[in-house]
Amino acid sequence: MHVADNPVVTIGPTETETVTGDSPIQTPPVVMKKLDKSKPDIEHALVENDPRLWSETTKTTILFIISGASMIAGLSANIQNPANAQIEQQLRASSGQISLSLSLFILVQGSFPILWSAVSEIKGRKLVYLSSVSVFTLGSAIVAVSKSIETVIGMHILQAIGSSALITIGAATLADIYEPHQRGIKMGVFYCSPLLGPSLGPIIGGVLTQALSWRAVFWFLVIWGAIVFSAFLFWFKDSFRRERSLTYQNILRKRVQEQRLSEARMFNGEKRVSEEPLRDIEAQPPIATAGDAEDITLSFADVNPFPSYVNILRRKNNLAILIPSGLLFAFGFSIAYTCARTLAFYYDYDALKTGLVLLSFGFGSMLGSILGGLWSDRTLARLKAANGGTSFPEMRLESTKIAMWGLPPAVIAYAWVCQERVHIAGMCAMLFLTGFLSIWIYSSTLAYVVDSNTGRSSSAVAANSSIRGTFAFVAAEVAVPLQDAIGGGGLYTIWAGLMLFAELLILLVLYKGKQWREASIEKERQTSAR
């Protein structure tokens, strides 16, 4: 494998004290890379067949594949809603069991990316894509032939496990192939597909259920999963490069040190040797050379997703941005869930009409995702030029200000449109506006999560998924009781307050995030040097 052509320094035999206090023993010579000060971060390490140098055709093909795959995540959470009545009747299920199935799906789909992201940092993106889509397709097939609600619930969880990787690893793949100044618009385009899912799902599910049966909904997902699997198998190029992965390099460095200590014990006939503290690769350049990577093979046993996850949440800037990101996602999920109830109870709409109304929210979200991403990139480029050609991740959040002014008032307007049951055109207008503004902001927060965690993009997006999945689970559980108790007006007035709180947190990261992030990196360096 080609590695960066940096000078190397050969360090002669070193002395290591034995724990027992005997005479020093010698370890074999160690070849270390000399730190190249010109490299800004591990994300730009030189690699063979650099994905960022691939042709635009190849990159666009990858973007198209992962966008189509990510639609699975949005579709599968909502497509069965029109079929719930048939499922209850034919499987003799209760409404509580159906609700549990949907809530567990959202919770698992948000939590499981932590494991998928860790695997992708060891074995690459393509293996994770193929494995996760296979799991999703298998779960969908078993649901389609299920004869009990318990099987449906269990296999729905399997569907969630499979679909959970697609958005997380998709965002990491975009970080692999695009430079930071290009990611805003690419993230916007990528995120259009899962945003359309909640709107298209009820339409597709309603048509299939009315024309065939509830089982046809899940056979549709099986067919879609098979198409996506084939696309990944034949046309997807793996963009993962281990030289640019902090997770891989940290684990590899640990294994290299363990191997060298073992060799030192054998070389000197000693049983106990004091070990040098292991250091985080983010704070210090790796000692692992190309030869080390070839000599040592990392396996699934080396995958431990939690240290990386904890490191993400330890940084103040990450925690402060993940909370509004989770609130924005939960808001969108709550709207799709409660709007369907409002349309069914007070407008007497069937599943197909409900899906068509919700398309206004989906189209607004799509437009906000694309235009918000484009504006995010332009804002970053403008601020970078004004800063002498130097940029930092927090600059991107400046682009959210233009949408912040309108989101809380738009949510309040939607609240009372629902409460007063005005003409459906008013509801469609407010759905479009709230979708447009909320996703305009969300697309920039997602790009910031990736940009501010160099070398840990998949872990950072996985952390984002777990937070938003948890928030969406809570939103799903409390939405109906609150809607019944205080009405749509009261419920979404509360959401307007939560959106204002989310905006304040984003502004806090905009102005304090750089200081927090740099302080966290310095603290990690000091800790690793001990």
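In this report, the structure presented in the accompanying data block is examined.

Cut-offs used in this document
- Residues numbered from 1 in each chain as written.
- Predicted model: local features only at pLDDT ≥ 70, side-chain atom pairs only at ≥ 80, totals over all residues.
- Heavy atoms only, no water.
- Patch = residues over 30% accessible without salt bridge, like charges linked within 9 Å, V, L, I, M, F, W, Y side chains within 5 Å.
- Areas by Shrake-Rupley, 256 points an atom, 1.4 Å probe, with all protein chains shown as cover.
- Salt bridge = Lys/Arg side-chain N within 4 Å of Asp/Glu carboxyl O.
- Lys, Arg positive; Asp, Glu negative; His and termini not counted.
- Charge placed at Lys NZ, Arg CZ, Asp CG, Glu CD.
- Helix = DSSP H or I, 4+ residues; strand = E, 2+ residues; numbered from the N terminus.
- Phe/Tyr/Trp six-rings, centres within 6.5 Å; stacked < 30°, edge-to-face > 60°.
- Buried < 20%, exposed > 50% of the residue type's maximum accessible area, 1.4 Å probe, protein only.
- Contact = heavy atoms within 4.5 Å.
- Axes fitted to C-alpha atoms, helices over the stretch in contact; angles between N-to-C directions.
- Parallel < 35°, antiparallel > 145°, perpendicular 65-115°, else oblique.
- Left-handed = near helix turned anticlockwise from the far one by under 90°.
- 1 Å grid on protein atoms, 1.4 Å probe; cavity = no way out; pocket = protein on both sides within 12 Å on 5 of 7 lines; lining within 4 Å.
- Points joined across faces, edges and corners; volume = space filled by probe spheres on them.
- Nonpolar A, V, L, I, M, F, W, Y, C, P; charged D, E, K, R; others polar.

The next subject is a positive patch on the surface. Side chains of R314, K316, K512 and K523 sit close together on the surface and give a patch of like positive charge. Looking at where K512 falls in the secondary structure, it is placed in helix α17 (residues 457-528).

A few words now on the packing of aromatic side chains. All told, the structure shown has 12 aromatic pairs when counted by the stated rule. Geometrically, the ring pair formed by F112 and W116 is edge-to-face, given 6.1 Å between the ring centres and 65° between the ring planes. Judged by its relative accessible area of 11%, W116 is buried. Look at F432 and F436: their rings are 6.4 Å apart centre to centre, the planes differ by 10°, and that puts the pair in the stacked class.

So, on to the environment of W375. Secondary-structure assignment places W375 in helix α13 (residues 351-386). Filtering out sequence-adjacent residues up to four positions away, W375 remains in contact with S399, I402 and W440.

This part is about the pattern of salt bridges. The full count for this structure, using the stated rule, is 7 salt bridges. Among the ionic pairs, D377 bridges to R396, the shortest N-O distance being 3.0 Å. Separated by 19 residues along the polypeptide, D377 in helix α13 and R396 in the loop between α13 and α14 (401-404) bring together distant segments of the chain. Here the two residues D377 and R396 agree in accessibility, since each one is buried. Residue E398 pairs with K401 through a salt bridge whose shortest N-O separation is 3.0 Å. Overall, E398 belongs to the partly exposed group, its relative accessible area being 26%. Among the charged side chains, a network of salt bridges with common partners joins D377, R396 and D451.

A few words now on the packing of helix α6 (residues 149-177) against helix α7 (residues 183-211). Running from N to C, α6 and α7 cross one another at 160°; their axes reach a closest spacing of 10 Å. Between α6 and α7, the angle falls in the class roughly antiparallel. Where α6 crosses over α7, the two elements pack in a sense that is right-handed. Across from L166, I167, G170, A171, L174 and A175 in α6, the residues of α7 making contact are R183, K186, M187, F190, Y191 and P194.

Once that is clear, we can look at empty space enclosed by the protein. Throughout the structure, instances matching the rule amount to 3 cavities of 30 Å³ or more. Estimates place the volume of the largest cavity at around 460 Å³. Forming the boundary of the largest cavity are 31 residues, of which Y191, P194, P198, F329 and F333 lie nearest the centre. Secondary structure elements with two or more residues in the lining of the largest cavity: α1 (56-76), α3 (95-111), α6, α7, α12 (316-346), α13, α16 (424-451) and α17. Looking at the lining of the largest cavity, its residues break down into 18 nonpolar, 12 polar and 1 charged.

Here we come to the side chain of R468. Mapping R468 onto the fold places it in helix α17. Buried charge without a salt bridge: R468, with D451 as the nearest opposite-charge side chain at an N-O distance of 16 Å. The residues touching R468, leaving out its near neighbours within four places in the chain, are I167, Y191, G326, F329 and Y442.

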